[in-house]
Number of protein chains: 4
Amino acid sequence: MAGAPLSADQIESHNAARLEALQDEYDSLGRALARRGVAIDAIKARVGAFSVATPTWGSGRGGTRFAKFPIPGEPTNIHEKLEDCAVVQQLGRATPRVSPHFPWDHVSDYKALREEAAELGLGFDAVNSNTFQDQPGQPHSYRNGSLSATDAGVRAQAVEHNIDCIRIGEELGSKALTVWVGDGTNFPGQQDLGASLDRYLEAAAEIYAALPGDWRMLLEHKMYEPAFYSTVISDWGSSILAAQQLGPKAKCLVDLGHHAPNVNIEQIVARLHRFGKLGGFHFNDSKYGDDDLDSGSINPHQLFLVFNELVEAELSPRDGFDPAYMIDQSHNVTDPIESMLSSAEAIVGAYAKALIVDREALHAAQAANDTMLAFQALRQAYRTDVTPILAMARMEAGGAAEPIFAYRDSGWRERKAQERRPVGLGAGIV
Amino acid sequence: MAGAPLSADQIESHNAARLEALQDEYDSLGRALARRGVAIDAIKARVGAFSVATPTWGSGRGGTRFAKFPIPGEPTNIHEKLEDCAVVQQLGRATPRVSPHFPWDHVSDYKALREEAAELGLGFDAVNSNTFQDQPGQPHSYRNGSLSATDAGVRAQAVEHNIDCIRIGEELGSKALTVWVGDGTNFPGQQDLGASLDRYLEAAAEIYAALPGDWRMLLEHKMYEPAFYSTVISDWGSSILAAQQLGPKAKCLVDLGHHAPNVNIEQIVARLHRFGKLGGFHFNDSKYGDDDLDSGSINPHQLFLVFNELVEAELSPRDGFDPAYMIDQSHNVTDPIESMLSSAEAIVGAYAKALIVDREALHAAQAANDTMLAFQALRQAYRTDVTPILAMARMEAGGAAEPIFAYRDSGWRERKAQERRPVGLGAGIV
Amino acid sequence: MAGAPLSADQIESHNAARLEALQDEYDSLGRALARRGVAIDAIKARVGAFSVATPTWGSGRGGTRFAKFPIPGEPTNIHEKLEDCAVVQQLGRATPRVSPHFPWDHVSDYKALREEAAELGLGFDAVNSNTFQDQPGQPHSYRNGSLSATDAGVRAQAVEHNIDCIRIGEELGSKALTVWVGDGTNFPGQQDLGASLDRYLEAAAEIYAALPGDWRMLLEHKMYEPAFYSTVISDWGSSILAAQQLGPKAKCLVDLGHHAPNVNIEQIVARLHRFGKLGGFHFNDSKYGDDDLDSGSINPHQLFLVFNELVEAELSPRDGFDPAYMIDQSHNVTDPIESMLSSAEAIVGAYAKALIVDREALHAAQAANDTMLAFQALRQAYRTDVTPILAMARMEAGGAAEPIFAYRDSGWRERKAQERRPVGLGAGIV
Amino acid sequence: MAGAPLSADQIESHNAARLEALQDEYDSLGRALARRGVAIDAIKARVGAFSVATPTWGSGRGGTRFAKFPIPGEPTNIHEKLEDCAVVQQLGRATPRVSPHFPWDHVSDYKALREEAAELGLGFDAVNSNTFQDQPGQPHSYRNGSLSATDAGVRAQAVEHNIDCIRIGEELGSKALTVWVGDGTNFPGQQDLGASLDRYLEAAAEIYAALPGDWRMLLEHKMYEPAFYSTVISDWGSSILAAQQLGPKAKCLVDLGHHAPNVNIEQIVARLHRFGKLGGFHFNDSKYGDDDLDSGSINPHQLFLVFNELVEAELSPRDGFDPAYMIDQSHNVTDPIESMLSSAEAIVGAYAKALIVDREALHAAQAANDTMLAFQALRQAYRTDVTPILAMARMEAGGAAEPIFAYRDSGWRERKAQERRPVGLGAGIV
């Protein structure tokens, strides 16, 4: 990678200093896994082949309605965002694609942007449209909804924007459009709950009709926020019924933070797969609502259980299995590069743990209703420390053994704080 | 009604003492409603035509896993339960049908039971099967599930029991089978989440195949309990996908207490109707989980909003509108007859309030995105005290103006405490 | 009120057109209440004496981290906000005081501001400090907390700002400081959970020490947001322990949207009163999190049950009963004046319903463990439509029978849309 | 242990077959920990010194209100329960004490029972009283509450029972009384929320007065169930205020399943410690309500974070640190012995992970507001597989390397299924 943002030499010397210890830990784990009948190198190979996209907007600090606290050196345009995503990919080796968002990432020449990304070692993943905010000069406001708005002009504008996103995506080499709308209500009675879904479906069908043949349309549901009484696509039930009505290219996207409290998300994953509509994931973690915290930081076991379903789905593909993976987090209190490195590791780690589950034992215990052994089959894998596998896979791909420390040593953010224009205070909205 | 359990004279004198006050309140409300363009007599007529079934088991005290505290005079068999349900119907005039549960209500002669009920002024509503408990002498245990069990013998037994219930229901004059299974898991890994649904669907299809042509099969979902990690039909999404797969006679039943925290239940009602699968309701209220409290006792506004959707659905029937209504509560701390009287009034009251919504104003405000007036259209109806309409409708049908007081004055429970055999302590399970 | 913003004549003619109908409804309700032993005029008098503050910031549109959609004619400074609050008070007669927020409402001359408000018929309620946002030019950032920050300079700045707020409040005639801090963490381990409370308590004690003798310090807890893993004063338990440690002038403030799902808020109110620490309320409603919806719009029964506890507390004052009441809502989709009018009516209505509870019957039923009659005592009051009492009380005080319609007829917002400078788009934060 | 239930030889040969692999894994982990500055033998020693009590009732199958499915060989009296708890202790070496429950474990000679337990290698932990169920022949019913009942006779009976429990506990060598009451309501208005707490506190004070000087009274709060509207000690706030009022021997007990959804339990632990009232734990796990699932089976990260607070508390004891630990689970679908073995391992494992946290790094990162490194300090410890430490500690204490497999090989349950009388069907309560 000619255009890689960080010095490969520095990464190499970072790794050299850690190799001996890592080799010992990798070999030790290898022996332990071999005793369970698992070949560590095969796991390492699958881990190395796994990837998850980063969102361009995730490279900037996020905030709440109360405030946003920027950091020096934050990116303020798509070019700087690509650079930061390239740092994440160079060190972590698990995030070779970025997912853009329009109009936030608008440029005049998308071919050039695609080349710029490729130079940095990046490709483009699903394109995200935005009909939850008004843009200056926009003819219609989304204040009363977008795809489900009562006003036909508003709906047409929202449809057209989504089709624009598809066209941009084609130039960027993307193969999917992710559609999330904030449409909904804050008061009982504000809208007719049936008619608003009718309008949504009609408008979504117009977008669907504009999809290229090899594209997918990913419907992202969310329980609430920005709407606080009802939301038009609020749950996986609404999402899958909409996807069924739209057609085979429409699939459901699961954001881990968009569910009701206590819901069994891994079962939702299994259900979507069972009915042929599992389209992809937005990874993050949360404790209360759509907190958009770092993946696996709050409930890493849930992340593992989700990947356990994904590995099962891969083994029983039914109508196909090819979900799109993306990190979708709000980095309010950390350096976004560090959070994305840490989160990618958490996600890949959950996948690695799911891979080393003794599935023969698991399935035998399930068939025999031996609840304790079935649980122990999962638990044995979950408690295994797969860090050495991830680190070895990263190193072999040119990444860093300990990405956060390598990043800190690189001085990237301090350098950018000198070069990039400062971000103003986010005063909040309240 | 020759066989009505209470003295009609006593009810009449109860009413006579209240008539003057009631007439004043009814007339006053009539003038107020007339000013809003609503004819009170038309509302009274629709209220009088509305009904909701009572469950036979609801006439006994319920309990928790910790304890059950019986009351003197509780019914202990189907005959006594019918008597108590007849008291509820005689006084409240809104509950002309009972919903039986098997094997709890097993008798040797169902024709005779149907006549016995008719004599008491009662008919039979949906039949409920039970595959969540083992019965003495039963060949297979449901400890590892029923319709979704890994063991084919267990599934066959559960299917057969459901078909038995249909046959009994035919003798009783019922037209629907409600299927709720507690099948699920307490541990991650305990069962394959996809395969257990496959097994459920296969078994449910065998039951479906045995349905008479004019019957419906009502699928009741529940988030959790008795299973505490996953449940095979845990949410409306799973329920509707199962109902779609089974066929047009399969519909979804909404129990108000079977959802995740914070979920917008009235929107689920709207969604089920939108997709042609709204089958019926189990009414109750709850604050925490499936608390099975008296309908409307905790969140009466939610009950109103549900009925608001039902009235909308009736106006826009799409693929048809004919839901089955039942009270499903656990009367742990009250006399069950009083709770059913109070709950029926709360349910009918919510319906009455939904009927007096100024729908023209509501729809106009919705079309104009006038959020405040749309909300006020609902709120004006909600805050109206419809008690006089309900009381007048009851009185005109031979019921009591104030059913709970009429019931207390009747001395029914004290009399039954003398006649019926006592119920033992429920020591709990823990 | 020489300086009242709307024409009194117009209000009078609005009322004149509604008087006959209202009188009929008031008299009818009076007869019904008299039959229950309740004198309607006494209730009307107590309703007329009740008041709740409006927050200055509530007169502008709110938003979410995703977007804010302004309306033409929104106020953009404290003077315009006071005008709008005066409209609410003139029409609704229940909101004679405003609660300011600093630095948002900063002016150079607070004496003049107090006179300006008085001229509009308004006084000042509790003063609110803001240490959850950074202000331009501020020496220290609150990015890592304020009163609980590890940095002593940050804490000192936050303490000083709160003391400034007290000084301003003294000039404005306020008697209370409300302290809400967003301090907390997004990651396990981010802060020491014990030490951060120690620091909070130490800093809060410095503010407490600066309170005038007749002031109160109201501690407002919140479960989460802006912090999504832990919050330093996250629940009523933390709040009351902090208030105990600070001293007798420290009390707890209950915001209805700041609790965990399913929590029994009315019991929290009873607990705070029982232990002498009930300081006040921020009224709003919510379905999911801190949604800041209009009071009573989602769960009006809960609002009634809260007021039921308040009426009980007034009857059993124990160590005193004098809570501060404020509306605290985010008006994202309505005209804020209309929402405050509607919300004030909902709050006063809940109070009126609590006043007409037959407490003798309630207490007798409680003493006899007659659960059904105890519940019915509350339910009878709750289902009573107290609208005529509220309207009559408003009219007699110079307000409008139907405030929202009177407001619309006044053309206030359209006029202000001409006069006031437009608000820019709120692009959201994400 | 002369009286140990299983053959020591069998355990030894079980271990011998696993020693080589275990030694390799222990040594490998030892090298990895040494590189982090952690001495594995020191951790092993602390792990070996840690213990948690088992509840006598936990050795039988639990159930729900719907059903209980017994297993052959379940214990049906305190003597058999002690035997099963002794099996858990013999194999797992972490559960040397049992916690009895009265009247469930009533015998005529408690001195003999204490000797019987000692013979099995067991002592007695906190005594649990039961005032949530009625016992045959009991003068007063707890149907309307116990310590908070309106009836003085009921309260006196409940107080007396608790004092009886203390007296029994003294004979058994216990030093604590755990008080959990189910008192509460199912309807708004059912009880006066303030007065019922007054009564609770008055009755609890009578129990407190009967405590021996070196005993503690542990107050256990619970959000809901069996009461579904309000519960007298529903949250940690109520619990700590009650404990403050009772006196220094009263402490708060945290059951992990007794909280509102989403609540940060580890922060509650930190708060209770901060205010000197952390008394102990009932360990279990849950996804929805008080599911009483196996410890760490659903959210093992939360269990780790709780132990992280406990290790911090031990380092900063403030007013003392000496919590009582007990497993409190409902084993509905597993062999209770296996669940207790698995749960004890999960609990000890969480403790071990908390012990290996690099606290110097953690505290330095906290002081510097280096959020990412603070989080990583916890995460590094959490992802470490401490299984070899636990296994080695167990083996050295005479336990089994893999307790569940050793238990299965022992044939204990099959043998007991021959010897013990069968348990009848639990038909549920509903």
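Please read these numbers as outputs of a predicted model, since none were measured by experiment. (Residues numbered from 1 in each chain as written. Chains lettered and ligands numbered in written order. Predicted model: local features only at pLDDT ≥ 70, side-chain atom pairs only at ≥ 80, totals over all residues. Heavy atoms only, no water.)

**Examining the overall build of chain A**
Then comes step 1: When helices and strands are tallied, chain A shows 16 helices and 11 strands.
Then comes step 2: Taking 22 Å as the expected radius of gyration for a compact globule of 430 residues, we find that chain A reaches 22 Å, a close match to that expectation.
Then comes step 3: Expressed along its principal axes, the backbone C-alpha trace of chain A runs to roughly 65 × 60 × 40 Å.
Then comes step 4: Within chain A, buried positions represent 70% of all 430 residues.
Then comes step 5: Within chain A, counting contacts between residues at least 6 apart in sequence, those at least 24 apart form 80% of the total.
Then comes step 6: By element, 50% of the accessible surface of chain A is carried by carbon and sulfur atoms, the whole surface being about 13,300 Å².
Then comes step 7: Both charge centroids of chain A, one from 39 positive and one from 57 negative side chains, sit 2 Å from each other. (Helix = DSSP H or I, 4+ residues; strand = E, 2+ residues; numbered from the N terminus. Rg over C-alpha atoms; globule rule 2.2 N^0.38 Å. Buried < 20%, exposed > 50% of the residue type's maximum accessible area, 1.4 Å probe, protein only. Contact = heavy atoms within 4.5 Å. Areas by Shrake-Rupley, 256 points an atom, 1.4 Å probe, with all protein chains shown as cover. Lys, Arg positive; Asp, Glu negative; His and termini not counted. Charge placed at Lys NZ, Arg CZ, Asp CG, Glu CD.)

**Things to note about the interface of chain B and chain A**
Then comes step 1: Facing the 52 residues of chain B at the interface are 52 residues of chain A.
Then comes step 2: The largest contributions to the chain B side of the interface with chain A come from Leu-193, Leu-241 and Arg-271 of chain B, which together make up 13% of the buried area.
Then comes step 3: Where chain B packs against chain A, one counts four salt bridges.
Then comes step 4: Linking chain B with chain A are 28 residue pairs in polar contact (both at pLDDT 80 or more), by the criterion used here.
Then comes step 5: Within the residue set of the side of chain B that touches chain A, elements represented by two or more residues are α7 (193-209), β8 (230-231), α8 (236-246), α9 (265-274), α10 (300-315), α12 (359-367) and α13 (371-383) of chain B.
Then comes step 6: With seven residues, α8 of chain B is the largest single contributor of residues to the side of chain B that touches chain A.
Then comes step 7: When grouped by side-chain class, the residues that make up the side of chain B that touches chain A number 23 nonpolar, 20 polar and nine charged. (Buried area = accessible area lost by both parts, 1.4 Å probe. Salt bridge = Lys/Arg side-chain N within 4 Å of Asp/Glu carboxyl O. Polar contact = N/O pair within 3.5 Å; in protein donor to acceptor, adjacent residues only side chain to side chain. Nonpolar A, V, L, I, M, F, W, Y, C, P; charged D, E, K, R; others polar.)

**Description of the relation of the copies chain B and chain A**
Then comes step 1: After a rotation of 180 degrees and a shift along the axis of 0.0 Å, chain B superposes on chain A with an RMSD of 0.0 Å. Given the turn and translation reported, the copies of this chain are related as if by a two-fold rotation axis. The position closest to the rotation axis in chain B is occupied by the C-alpha of Gly-237 of chain B, lying 2.0 Å away.
Then comes step 2: Mapped onto chain A, 100% of the interface residues of chain B are again interface residues, and the two copies thus contact each other with one and the same surface. (Least-squares fit on C-alpha atoms with pLDDT ≥ 70 in both.)

**What about helix α1 (residues 8-16) of chain C?**
Residue and element names in this part refer to chain C.
Then comes step 1: Inspection of α1 places Ile-11, His-14 and Asn-15 among the buried residues, and these make up the whole buried set. Buried residues in α1, looked at end-on, bunch into an arc of 95 degrees, giving them a common side. Counted as exposed and oriented over 90 degrees from the buried face of α1: Asp-9, Glu-12 and Ala-16.
Then comes step 2: Contacts from the buried residues of α1 go to α2 (19-35), α4 (78-92), α14 (387-396) and α15 (403-410).
Then comes step 3: Regarding α1, its N-cap is Ser-7, as a side-chain oxygen of that residue lies 3.3 Å from the backbone nitrogen of Asp-9 further along. (Arc of directions from axis to C-beta.)

**Some words on the interface of chain A and chain C**
Then comes step 1: Listed by partner, the interface residues are 53 residues for chain A and 53 residues for chain C.
Then comes step 2: Roughly 4,600 Å² of surface becomes buried between chain A and chain C when both sides are summed, with 64% attributable to carbon and sulfur atoms.
Then comes step 3: The partner of Arg-65 of chain C in a salt bridge is Asp-290 of chain A, and the shortest N-O contact between them spans 2.9 Å.
Then comes step 4: If you look at where chain A meets chain C, you find 12 residue pairs in polar contact (both at pLDDT 80 or more).
Then comes step 5: Taken together, the residues of the side of chain A that touches chain C sort by class into 25 nonpolar, 16 polar and 12 charged.

**With respect to the sheet that holds strand β3 (residues 123-124) of chain C**
Residues and elements named next belong to chain C.
Then comes step 1: Taken together, three strands build an open sheet; the order of strands is β1-β2-β3 and the sheet is parallel. Strands with a single pairing partner mark the edges of an open sheet, and in this sheet they are β1 (54-55) and β3.
Then comes step 2: When strand β2 (residues 97-99) meets β3, the two strands line up parallel, connected through two bridges. Considered in β3, the bridge of Val-98 is made with Phe-124. (Pairing = 2+ DSSP bridges.)

**With respect to the packing of helix α12 (residues 359-367) of chain D against helix α13 (residues 371-383) of chain D**
Residue and element names in this part refer to chain D.
Then comes step 1: Their axes nearest at 8 Å, the elements α12 and α13 cross at an angle of 160 degrees. It follows that α12 is roughly antiparallel to α13 by the angle criterion. Handedness of the crossing formed by α12 with α13: left-handed. Contact residues: α12 offers Leu-362, Ala-365 and Gln-366, while α13 offers Leu-373, Ala-374, Ala-377 and Leu-378. (Axes fitted to C-alpha atoms, helices over the stretch in contact; angles between N-to-C directions. Parallel < 35°, antiparallel > 145°, perpendicular 65-115°, else oblique. Left-handed = near helix turned anticlockwise from the far one by under 90°.)

**Brief notes about the pattern of salt bridges**
Then comes step 1: In this structure the tally under the stated criterion is 116 salt bridges over all chains.
Then comes step 2: Measuring nitrogen to oxygen at the nearest pair gives 3.4 Å for the salt bridge that ties Asp-24 of chain D to Arg-35 of chain A. Of the two residues, Asp-24 of chain D is situated in helix α2 (residues 19-35) and Arg-35 of chain A in helix α2 (residues 19-35); the pairing between them involves two chains.
Then comes step 3: For Arg-35 of chain A, a relative accessible area of 40% gives the class partly exposed.
Then comes step 4: Of the charged contacts, one joins Glu-419 of chain D and Lys-416 of chain D as a salt bridge, the two residues approaching to 2.8 Å between their closest N and O atoms. Of the two residues, Glu-419 of chain D and Lys-416 of chain D both sit in helix α16 (residues 412-419), three residues apart, roughly one turn of that helix.
Then comes step 5: Shared partners join several salt bridges into a network, and the residues in it are Glu-80, Glu-83, Asp-84, Asp-335, Arg-413, Lys-416, Glu-419 and Arg-420 of chain A.

**Some words on the sheet that holds strand β1 (residues 54-55) of chain A**
Then comes step 1: Pairing is parallel in the open sheet, where three strands are placed in the order β1-β2-β3 (chain A). Each of the sheet's edge strands pairs with one partner strand only, and the pair in question is β1 and β3 (123-124) of chain A.

**Overview of the packing of helix α10 (residues 300-315) of chain A against helix α13 (residues 371-383) of chain A**
Residue and element names in this part refer to chain A.
Then comes step 1: Packing of α10 against α13 brings their axes to within 11 Å, and their N-to-C directions diverge by 120 degrees. One way to sum up the angle between α10 and α13 is to call them oblique. As for the relative orientation of α10 and α13, their crossing is right-handed in sense. Touching Pro-300, His-301, Phe-304, Leu-305 and Asn-308 of α10 are Leu-378, Arg-379, Ala-381 and Tyr-382, all from α13.
Then comes step 2: Within the contact of α10 with α13, the residues separate by chemical class into six nonpolar, two polar and one charged.

**Some remarks on the UniProt feature "domain: Xylose isomerase-like TIM barrel" (unreviewed entry) in chain A**
Then comes step 1: When the UniProt feature table is mapped onto this chain, "domain: Xylose isomerase-like TIM barrel" (unreviewed entry) is found at residues 108-295 of chain A.
Then comes step 2: Helix makes up 37% of residues 108-295 of chain A and strand 15%. Its end C-alpha atoms lie 34 Å apart. (UniProt positions renumbered as here; feature names shortened; annotations may be inferred.)

**Focus on the relation of the copies chain A and chain C**
Then comes step 1: Least-squares fitting of chain A to chain C yields an RMSD of 0.0 Å, with the transformation described by 0.0 Å of translation along the axis and a rotation of 180 degrees.
Then comes step 2: Comparing interface residues between copies, 100% of those in chain A also sit at the interface in chain C, which points to an isologous, same-surface contact.

**A few points about helix α8 (residues 236-246) of chain C**
Then comes step 1: Burial within α8 of chain C is extensive, with nine of its 11 residues counted as buried.
Then comes step 2: Immediately beyond the C-terminal end of α8 of chain C, within one or two residues, lies Gly-247 of chain C, with a positive phi of roughly 135 degrees.

**Description of the pairing of strand β11 (residues 324-327) of chain D**
All names here are of chain D.
Then comes step 1: The alternating pattern of β11 places Ala-324 and Met-326 and Tyr-325 and Ile-327 on opposite faces, both of which are buried.
Then comes step 2: Here strand β10 (residues 278-283) pairs with β11 via four bridges, running parallel. Along β11, the bridge assignment pairs Gly-280 with Ala-324.
Then comes step 3: Assessed by its sense of winding, the connection that carries the chain from β10 through helix α10 (residues 300-315) to β11 is right-handed. (Right-handed = clockwise from strand over helix to strand, strands pointing away.)

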